[in-house]
Amino acid sequence: MNLTGKRILVFGVLIETSMGYKVAEAALNQGADVILVNAPGKPSDIMRRIAKRLPKEPVACLSADITEQEDLRALAAEVGRHWDGLDGVVHAVAFAPQDALGGNFLTTPFESVATAMKVSAFSLKGLVRSMLPLLEKAENGASVVSLTFNAAVAWPVYDWMGPTKAALESVNRYLARELGPRRIRVNAVDSGPITTMAGKSIPGFDQLAKVWPERAPLGWDSSDATPVADTVAFLLSDAARAMTGQVLHVDGGFSAVGA
Ligand SMILES: NC(=O)c1ccc[n+]([C@@H]2O[C@H](COP(=O)([O-])OP(=O)(O)OC[C@H]3O[C@@H](n4cnc5c(N)ncnc54)[C@H](O)[C@@H]3O)[C@@H](O)[C@H]2O)c1
(Lines give C-alpha, C1' and ligand atoms only; values in the text may rest on other atoms or scores of the structure.)
Protein backbone atom coordinates (compact mmCIF):
# COMPACT_ATOMS: atom_id res chain seq x y z
CA MET A 1 0.00 0.00 0.00
CA ASN A 2 1.70 3.16 -1.17
CA LEU A 3 0.20 6.64 -1.15
CA THR A 4 3.35 8.53 -2.11
CA GLY A 5 2.42 11.75 -3.87
CA LYS A 6 -1.34 11.30 -3.33
CA ARG A 7 -3.30 14.40 -2.35
CA ILE A 8 -6.05 13.42 0.08
CA LEU A 9 -8.84 15.52 1.59
CA VAL A 10 -10.06 14.15 4.94
CA PHE A 11 -13.39 15.60 6.07
CA GLY A 12 -14.32 14.99 9.73
CA VAL A 13 -11.18 15.22 11.84
CA LEU A 14 -12.03 16.27 15.38
CA ILE A 15 -9.91 14.68 18.11
CA GLU A 16 -7.22 12.00 18.15
CA THR A 17 -9.79 9.20 18.44
CA SER A 18 -11.72 10.40 15.35
CA MET A 19 -11.80 7.98 12.44
CA GLY A 20 -10.78 10.95 10.29
CA TYR A 21 -7.66 11.56 12.41
CA LYS A 22 -6.64 7.90 12.20
CA VAL A 23 -7.18 7.91 8.43
CA ALA A 24 -5.10 11.10 8.06
CA GLU A 25 -2.36 9.50 10.17
CA ALA A 26 -2.39 6.29 8.07
CA ALA A 27 -2.36 8.26 4.80
CA LEU A 28 0.56 10.44 5.97
CA ASN A 29 2.48 7.34 7.10
CA GLN A 30 2.04 5.92 3.60
CA GLY A 31 3.48 9.05 1.99
CA ALA A 32 0.36 11.08 1.16
CA ASP A 33 -0.24 14.77 1.74
CA VAL A 34 -3.50 15.69 3.45
CA ILE A 35 -5.87 18.61 3.82
CA LEU A 36 -8.14 18.34 6.85
CA VAL A 37 -11.66 19.78 7.09
CA ASN A 38 -14.27 20.11 9.81
CA ALA A 39 -17.33 22.21 10.57
CA PRO A 40 -16.70 25.94 11.19
CA GLY A 41 -16.19 27.18 14.77
CA LYS A 42 -15.28 24.90 17.65
CA PRO A 43 -14.82 21.66 15.63
CA SER A 44 -12.27 23.34 13.30
CA ASP A 45 -10.53 25.07 16.20
CA ILE A 46 -10.10 21.72 17.96
CA MET A 47 -8.99 20.09 14.69
CA ARG A 48 -6.27 22.72 14.15
CA ARG A 49 -4.82 22.04 17.60
CA ILE A 50 -5.02 18.25 17.22
CA ALA A 51 -3.50 18.34 13.70
CA LYS A 52 -0.14 19.30 15.24
CA ARG A 53 0.09 15.75 16.66
CA LEU A 54 0.03 14.13 13.21
CA PRO A 55 3.28 12.61 11.89
CA LYS A 56 3.52 15.36 9.24
CA GLU A 57 1.89 18.78 9.05
CA PRO A 58 -1.27 18.87 6.90
CA VAL A 59 -1.09 21.09 3.81
CA ALA A 60 -4.05 23.01 5.26
CA CYS A 61 -6.78 22.80 7.91
CA LEU A 62 -10.03 24.18 6.51
CA SER A 63 -13.63 24.74 7.65
CA ALA A 64 -16.92 23.90 5.95
CA ASP A 65 -20.39 22.83 6.99
CA ILE A 66 -20.87 19.74 4.86
CA THR A 67 -24.58 20.51 4.42
CA GLU A 68 -23.99 24.04 3.02
CA GLN A 69 -23.43 24.24 -0.74
CA GLU A 70 -21.82 27.65 -0.46
CA ASP A 71 -19.30 26.28 2.10
CA LEU A 72 -18.50 23.36 -0.20
CA ARG A 73 -17.99 25.68 -3.16
CA ALA A 74 -15.60 27.83 -1.11
CA LEU A 75 -13.85 24.69 0.14
CA ALA A 76 -13.26 23.43 -3.42
CA ALA A 77 -11.83 26.85 -4.37
CA GLU A 78 -9.51 26.81 -1.34
CA VAL A 79 -8.34 23.24 -2.02
CA GLY A 80 -7.74 24.29 -5.64
CA ARG A 81 -5.41 27.04 -4.40
CA HIS A 82 -3.19 24.38 -2.79
CA TRP A 83 -3.47 21.56 -5.33
CA ASP A 84 -4.34 21.41 -9.03
CA GLY A 85 -5.97 17.98 -8.57
CA LEU A 86 -7.22 15.66 -5.85
CA ASP A 87 -6.45 11.92 -5.62
CA GLY A 88 -8.73 11.06 -2.72
CA VAL A 89 -11.60 12.25 -0.55
CA VAL A 90 -12.50 10.70 2.81
CA HIS A 91 -15.97 11.34 4.24
CA ALA A 92 -15.82 10.74 8.03
CA VAL A 93 -18.87 12.77 9.00
CA ALA A 94 -22.04 11.81 10.83
CA PHE A 95 -24.60 13.44 13.06
CA ALA A 96 -28.04 12.53 14.39
CA PRO A 97 -30.13 14.48 16.92
CA GLN A 98 -30.41 12.74 20.30
CA ASP A 99 -34.08 11.84 19.75
CA ALA A 100 -33.06 9.77 16.70
CA LEU A 101 -30.83 7.49 18.82
CA GLY A 102 -30.80 5.35 21.93
CA GLY A 103 -34.16 3.57 21.79
CA ASN A 104 -36.41 6.20 20.21
CA PHE A 105 -37.02 4.49 16.88
CA LEU A 106 -40.83 4.55 17.12
CA THR A 107 -41.09 8.17 18.29
CA THR A 108 -38.37 10.02 16.36
CA PRO A 109 -39.90 12.95 14.43
CA PHE A 110 -39.19 13.19 10.70
CA GLU A 111 -37.27 16.46 11.18
CA SER A 112 -34.62 14.61 13.21
CA VAL A 113 -34.44 11.80 10.64
CA ALA A 114 -34.08 14.41 7.89
CA THR A 115 -31.19 16.08 9.75
CA ALA A 116 -29.41 12.75 10.23
CA MET A 117 -29.86 11.90 6.54
CA LYS A 118 -28.74 15.34 5.37
CA VAL A 119 -25.53 15.45 7.45
CA SER A 120 -24.58 11.78 7.28
CA ALA A 121 -25.76 10.44 3.88
CA PHE A 122 -26.81 13.13 1.37
CA SER A 123 -23.61 15.01 2.27
CA LEU A 124 -21.49 12.37 0.52
CA LYS A 125 -23.03 13.41 -2.80
CA GLY A 126 -22.62 17.12 -2.00
CA LEU A 127 -18.97 16.75 -1.02
CA VAL A 128 -18.07 14.62 -4.03
CA ARG A 129 -19.91 16.88 -6.45
CA SER A 130 -18.11 19.97 -5.18
CA MET A 131 -14.72 18.24 -5.58
CA LEU A 132 -15.44 16.71 -9.02
CA PRO A 133 -13.36 19.13 -11.13
CA LEU A 134 -10.35 18.41 -8.89
CA LEU A 135 -10.98 14.64 -8.67
CA GLU A 136 -11.15 14.40 -12.47
CA LYS A 137 -7.62 15.75 -12.67
CA ALA A 138 -6.10 12.86 -10.66
CA GLU A 139 -3.50 11.20 -12.87
CA ASN A 140 -4.36 7.58 -12.00
CA GLY A 141 -8.04 8.09 -11.24
CA ALA A 142 -9.37 9.21 -7.86
CA SER A 143 -10.81 7.41 -4.84
CA VAL A 144 -13.65 8.42 -2.49
CA VAL A 145 -14.13 6.55 0.80
CA SER A 146 -16.85 6.91 3.42
CA LEU A 147 -17.42 5.19 6.76
CA THR A 148 -20.47 3.16 7.63
CA PHE A 149 -21.83 0.86 10.32
CA ASN A 150 -23.17 -2.35 8.77
CA ALA A 151 -26.62 -1.35 7.51
CA ALA A 152 -27.63 -4.85 6.40
CA VAL A 153 -29.12 -5.60 9.83
CA ALA A 154 -30.99 -3.72 12.60
CA TRP A 155 -29.05 -2.86 15.77
CA PRO A 156 -30.14 -1.95 19.30
CA VAL A 157 -29.80 1.80 20.19
CA TYR A 158 -28.50 2.81 16.71
CA ASP A 159 -32.08 3.62 15.68
CA TRP A 160 -32.36 6.10 12.75
CA MET A 161 -28.61 6.10 12.15
CA GLY A 162 -29.27 2.58 10.78
CA PRO A 163 -31.52 3.69 7.90
CA THR A 164 -29.19 6.69 7.47
CA LYS A 165 -26.19 4.38 6.99
CA ALA A 166 -28.30 2.24 4.61
CA ALA A 167 -28.85 5.43 2.60
CA LEU A 168 -25.12 6.24 2.73
CA GLU A 169 -24.23 2.76 1.44
CA SER A 170 -26.74 3.20 -1.38
CA VAL A 171 -25.41 6.68 -2.24
CA ASN A 172 -21.97 5.00 -2.31
CA ARG A 173 -23.19 2.59 -5.01
CA TYR A 174 -24.98 5.27 -7.06
CA LEU A 175 -21.93 7.53 -7.01
CA ALA A 176 -19.78 4.57 -8.05
CA ARG A 177 -22.13 4.00 -10.99
CA GLU A 178 -22.16 7.67 -11.99
CA LEU A 179 -18.46 8.33 -11.58
CA GLY A 180 -16.78 5.11 -12.74
CA PRO A 181 -16.63 6.36 -16.33
CA ARG A 182 -14.80 9.46 -15.02
CA ARG A 183 -12.20 7.20 -13.33
CA ILE A 184 -13.45 8.01 -9.84
CA ARG A 185 -13.89 5.03 -7.49
CA VAL A 186 -16.34 5.23 -4.57
CA ASN A 187 -16.24 2.74 -1.69
CA ALA A 188 -17.25 2.52 1.96
CA VAL A 189 -15.68 0.87 4.98
CA ASP A 190 -17.95 -0.70 7.60
CA SER A 191 -16.22 -0.33 10.96
CA GLY A 192 -16.96 -2.23 14.14
CA PRO A 193 -17.67 0.04 17.15
CA ILE A 194 -14.91 2.51 18.04
CA THR A 195 -15.00 4.77 21.09
CA THR A 196 -15.05 8.18 19.38
CA MET A 197 -17.01 11.35 20.12
CA ALA A 198 -19.80 10.26 17.74
CA GLY A 199 -19.75 6.73 19.13
CA LYS A 200 -20.00 7.89 22.74
CA SER A 201 -22.90 10.22 21.89
CA ILE A 202 -25.08 7.16 21.14
CA PRO A 203 -26.84 6.23 24.41
CA GLY A 204 -26.20 2.51 25.00
CA PHE A 205 -23.18 2.42 22.64
CA ASP A 206 -21.19 0.61 25.37
CA GLN A 207 -23.58 -2.36 25.22
CA LEU A 208 -22.88 -2.72 21.51
CA ALA A 209 -19.13 -2.35 21.98
CA LYS A 210 -19.19 -4.96 24.77
CA VAL A 211 -20.62 -7.83 22.70
CA TRP A 212 -18.20 -7.26 19.80
CA PRO A 213 -15.01 -8.85 21.17
CA GLU A 214 -17.06 -11.85 22.37
CA ARG A 215 -18.72 -12.49 18.98
CA ALA A 216 -16.12 -11.41 16.43
CA PRO A 217 -13.92 -14.38 15.40
CA LEU A 218 -10.82 -12.14 15.43
CA GLY A 219 -11.89 -10.29 18.58
CA TRP A 220 -12.21 -6.50 18.58
CA ASP A 221 -10.55 -3.56 20.31
CA SER A 222 -12.93 -0.60 20.28
CA SER A 223 -10.10 1.75 21.27
CA ASP A 224 -8.09 0.96 18.12
CA ALA A 225 -9.29 2.40 14.80
CA THR A 226 -6.00 1.72 12.99
CA PRO A 227 -7.26 -1.47 11.22
CA VAL A 228 -10.13 0.60 9.82
CA ALA A 229 -7.80 3.45 8.84
CA ASP A 230 -5.42 1.02 7.09
CA THR A 231 -8.31 -0.33 5.00
CA VAL A 232 -9.33 3.20 4.03
CA ALA A 233 -5.69 3.82 3.03
CA PHE A 234 -5.79 0.65 0.90
CA LEU A 235 -8.94 1.90 -0.88
CA LEU A 236 -7.23 5.25 -1.50
CA SER A 237 -4.26 3.47 -3.07
CA ASP A 238 -3.80 2.24 -6.64
CA ALA A 239 -3.87 -1.33 -5.26
CA ALA A 240 -7.68 -0.96 -5.13
CA ARG A 241 -7.88 0.39 -8.69
CA ALA A 242 -10.50 -2.15 -9.87
CA MET A 243 -12.82 -1.75 -6.87
CA THR A 244 -15.84 0.52 -6.72
CA GLY A 245 -19.31 0.57 -5.17
CA GLN A 246 -18.17 -1.80 -2.40
CA VAL A 247 -18.63 -1.89 1.36
CA LEU A 248 -15.65 -3.56 3.06
CA HIS A 249 -16.29 -4.98 6.53
CA VAL A 250 -13.55 -4.22 9.05
CA ASP A 251 -15.25 -5.64 12.12
CA GLY A 252 -13.12 -8.58 13.29
CA GLY A 253 -15.44 -10.85 11.28
CA PHE A 254 -18.56 -10.01 13.35
CA SER A 255 -20.75 -9.65 10.25
CA ALA A 256 -19.76 -13.11 8.99
CA VAL A 257 -21.10 -15.12 11.94
CA GLY A 258 -24.63 -15.69 13.23
CA ALA A 259 -23.92 -16.17 16.95
N1 LIG B 1 -17.29 5.32 16.06
C2 LIG B 1 -17.82 4.23 15.57
O3 LIG B 1 -18.05 3.24 16.24
C4 LIG B 1 -18.14 4.17 14.09
C5 LIG B 1 -18.46 2.94 13.51
C6 LIG B 1 -18.77 2.89 12.16
C7 LIG B 1 -18.75 4.05 11.41
N8 LIG B 1 -18.43 5.24 12.01
C9 LIG B 1 -18.46 6.45 11.18
O10 LIG B 1 -17.20 7.08 11.16
C11 LIG B 1 -17.42 8.45 10.77
C12 LIG B 1 -16.63 9.36 11.69
O13 LIG B 1 -17.20 9.32 12.99
P14 LIG B 1 -16.32 9.16 14.31
O15 LIG B 1 -16.81 7.96 15.00
O16 LIG B 1 -14.88 9.33 14.00
O17 LIG B 1 -16.81 10.37 15.23
P18 LIG B 1 -16.34 11.89 15.32
O19 LIG B 1 -17.32 12.55 16.21
O20 LIG B 1 -14.91 11.98 15.70
O21 LIG B 1 -16.52 12.41 13.82
C22 LIG B 1 -17.72 12.93 13.29
C23 LIG B 1 -17.34 14.22 12.60
O24 LIG B 1 -18.44 14.78 11.86
C25 LIG B 1 -18.31 16.19 11.95
N26 LIG B 1 -19.55 16.85 11.57
C27 LIG B 1 -20.79 16.64 12.10
N28 LIG B 1 -21.69 17.45 11.51
C29 LIG B 1 -21.00 18.17 10.56
C30 LIG B 1 -21.37 19.16 9.60
N31 LIG B 1 -22.64 19.59 9.47
N32 LIG B 1 -20.41 19.66 8.79
C33 LIG B 1 -19.13 19.24 8.89
N34 LIG B 1 -18.72 18.30 9.77
C35 LIG B 1 -19.65 17.78 10.60
C36 LIG B 1 -17.93 16.40 13.41
O37 LIG B 1 -17.42 17.69 13.67
C38 LIG B 1 -16.91 15.29 13.60
O39 LIG B 1 -15.62 15.71 13.25
C40 LIG B 1 -18.94 8.66 10.82
O41 LIG B 1 -19.48 8.53 9.52
C42 LIG B 1 -19.40 7.53 11.70
O43 LIG B 1 -20.75 7.17 11.50
C44 LIG B 1 -18.12 5.32 13.32
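For clarity, every value in this text was computed on a predicted model and none was experimentally measured. (Residues numbered from 1 in each chain as written. Predicted model: local features only at pLDDT ≥ 70, side-chain atom pairs only at ≥ 80, totals over all residues. Heavy atoms only, no water.)

**Section: the overall build of the chain**
Now for step 1: Summing up its helical and strand segments, the chain has eight helices and seven strands in all.
Now for step 2: Computed over C-alpha atoms, the radius of gyration of the chain comes to 17 Å, within 12% of the 18 Å expected from 2.2 N^0.38 for 259 residues, which places it in the range of a compact globule.
Now for step 3: The buried share among the 259 residues of the chain stands at 53%.
Now for step 4: The long-range fraction of contacts in the chain, counting pairs at least 24 apart against all pairs at least 6 apart in sequence, stands at 78%.
Now for step 5: Roughly 11,700 Å² of accessible area belongs to the chain as shown, and the carbon and sulfur atoms make up 54% of that amount.
Now for step 6: Taken together, the 25 basic and 27 acidic charged side chains of the chain have centroids lying 4 Å from each other. (Helix = DSSP H or I, 4+ residues; strand = E, 2+ residues; numbered from the N terminus. Rg over C-alpha atoms; globule rule 2.2 N^0.38 Å. Buried < 20%, exposed > 50% of the residue type's maximum accessible area, 1.4 Å probe, protein only. Contact = heavy atoms within 4.5 Å. Areas by Shrake-Rupley, 256 points an atom, 1.4 Å probe, with all protein chains shown as cover. Lys, Arg positive; Asp, Glu negative; His and termini not counted. Charge placed at Lys NZ, Arg CZ, Asp CG, Glu CD.)

**Comments concerning the side chain of K6**
Now for step 1: Inspection of the secondary structure assignment puts K6 in the segment before strand 1 (7–11).
Now for step 2: Discounting chain neighbours no more than four positions away, the residues touching K6 are A32, D33, D87, N140, L236 and D238.

**Section: the packing of aromatic side chains**
Now for step 1: As enumerated under the stated definition, the model contains seven aromatic pairs in all.
Now for step 2: Through a chain of ring-to-ring contacts, three or more aromatic side chains come together here, namely F149, W155, Y158, W212 and F254. (Phe/Tyr/Trp six-rings, centres within 6.5 Å; stacked < 30°, edge-to-face > 60°.)

**Some words on unusual backbone geometry**
Now for step 1: Not every positive phi belongs to a glycine, and V157 is a case in point at roughly 60°.
Now for step 2: Along the chain, the position of V157 falls in the loop between strand 5 (142–148) and helix 5 (161–179).
Now for step 3: Using a relative accessible area of 13% as the deciding quantity, one classes V157 as buried.
Now for step 4: You will see that D159, though not glycine, has its phi angle at about 45°, which is positive.
Now for step 5: Inspection of the secondary structure puts D159 in the loop between strand 5 and helix 5.
Now for step 6: The class of D159 is buried, set by a relative accessible area of 11%.

**What to know about the sheet that holds strand 3 (residues 60–63)**
Now for step 1: What the seven strands build is an open sheet, ordered 3-2-1-4-5-6-7; its pairing is parallel. Looking at strand neighbours, the two that pair on one side only are strand 3 and strand 7 (247–250), the edges of this open sheet. Going from strand to strand, the sheet's axes swing by 20° on average, the running direction of each strand aside.
Now for step 2: Looking at chain direction, strand 1 and strand 2 (residues 33–38) are connected through five bridges and run parallel. Across the sheet, residue F11 finds its bridge partner in strand 2, namely V37.
Now for step 3: Packing of helix 2 (residues 42–51) onto the sheet brings it into contact with strand 2 and strand 3, and relative to strand 3 it is tilted by some 170°.
Now for step 4: Relative to strand 6 (residues 184–191), helix 5 is tilted by about 160°, and along the sheet it contacts strand 4 (88–91), strand 5, strand 6 and strand 7. (Pairing = 2+ DSSP bridges. Axes fitted to C-alpha atoms, helices over the stretch in contact; angles between N-to-C directions.)

**With respect to the packing of helix 1 (residues 19–29) against helix 8 (residues 226–236)**
Now for step 1: Put simply, helix 1 and helix 8 touch, their axes get as near as 8 Å, and they point 55° apart. Our classification of the angle between helix 1 and helix 8 gives oblique. Crossing of helix 1 over helix 8 shows right-handed handedness. Seen from helix 1, the contacting residues are K22, V23 and A26; seen from helix 8, they are T226, A229, D230, V232 and A233.
Now for step 2: Tallied by class, the residues present in the contact of helix 1 with helix 8 amount to five nonpolar, one polar and two charged. (Parallel < 35°, antiparallel > 145°, perpendicular 65-115°, else oblique. Left-handed = near helix turned anticlockwise from the far one by under 90°. Nonpolar A, V, L, I, M, F, W, Y, C, P; charged D, E, K, R; others polar.)

**A word on helix 3 (residues 69–82)**
Residues spaced three or four apart along an α-helix point in a common direction, a consequence of the helix completing one turn every 3.6 residues.
Now for step 1: Between its first and last C-alpha atoms helix 3 spans 20 Å; for 14 residues at 1.5 Å apiece the expected length is 20 Å, and the two agree.
Now for step 2: Along its buried surface, helix 3 packs onto strand 1, strand 2, strand 3 and helix 4 (110–135). (Expected span 1.5 Å × (residues − 1).)

Keep in mind these numbers describe shape, not what the thing actually does.
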